[in-house]
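Each chain, letter by letter, is given below.
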Amino acid sequence: VEVPSAVGILRIHYLDEGPRDASECVVCFHGQPTWSFLYRKMIPHLVAAGFRVLAPDFVGFGRSDKPVEREQYTYAAHVA
């Protein structure tokens, strides 16, 4: 998905697995310095249990865009 930011348009990668009409959804947020790959063994079990699972990669991690300039990694740039 593309989102506007203080440094321009950034692409954020995410996994969306399981039934779209599931009554419950599990969102798997990673910490630092990991990415959604962390949940590769959990997601199939959650999907098998009937959950929809979303696992985004934060900007700068995993398959999401990684701004080049150090100054672009600020709180303000992430919430703009």
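Calculation criteria
- Residues numbered from 1 in each chain as written.
- Predicted model: local features only at pLDDT ≥ 70, side-chain atom pairs only at ≥ 80, totals over all residues.
- Heavy atoms only, no water.
- Pairing = 2+ DSSP bridges.
- Helix = DSSP H or I, 4+ residues; strand = E, 2+ residues; numbered from the N terminus.
- Axes fitted to C-alpha atoms, helices over the stretch in contact; angles between N-to-C directions.
- Salt bridge = Lys/Arg side-chain N within 4 Å of Asp/Glu carboxyl O.
- Buried < 20%, exposed > 50% of the residue type's maximum accessible area, 1.4 Å probe, protein only.

**Some thoughts on the sheet that holds strand β5 (residues 52-56)**
And then number 1: Across the sheet, three strands lie side by side as β3-β5-β4; this open sheet has mixed pairing. The open sheet terminates on both sides in strands that have one partner only, identified here as β3 (14-17) and β4 (25-27). Sheet twist, expressed as the mean angle between neighbouring strand axes with direction ignored, is 10°.
And then number 2: Pairing analysis gives three bridges linking β4 to β5, with the strands arranged parallel. If you follow C25 over to β5, its bridge partner there is R52.

**Considerations on the pattern of salt bridges**
And then number 1: Summed over all chains, the structure comprises three salt bridges.
And then number 2: Its salt-bridge partner being R11, residue D65 comes within 2.9 Å of it at the nearest N-O pair. With D65 in the loop between β5 and α2 (75-79) and R11 in strand β2 (residues 8-11), the pair connects residues that are 54 residues apart, well separated along the chain.
And then number 3: By relative accessible area, D65 is classed as buried at 16%.
And then number 4: Close ionic contact of D16 with R20 constitutes a salt bridge, the shortest N to O distance being 3.4 Å.
And then number 5: We classify D16 as buried; its relative accessible area is 17%.
And then number 6: Here the salt bridges share partners, and the residues they tie into one network are D16, R20 and R52.

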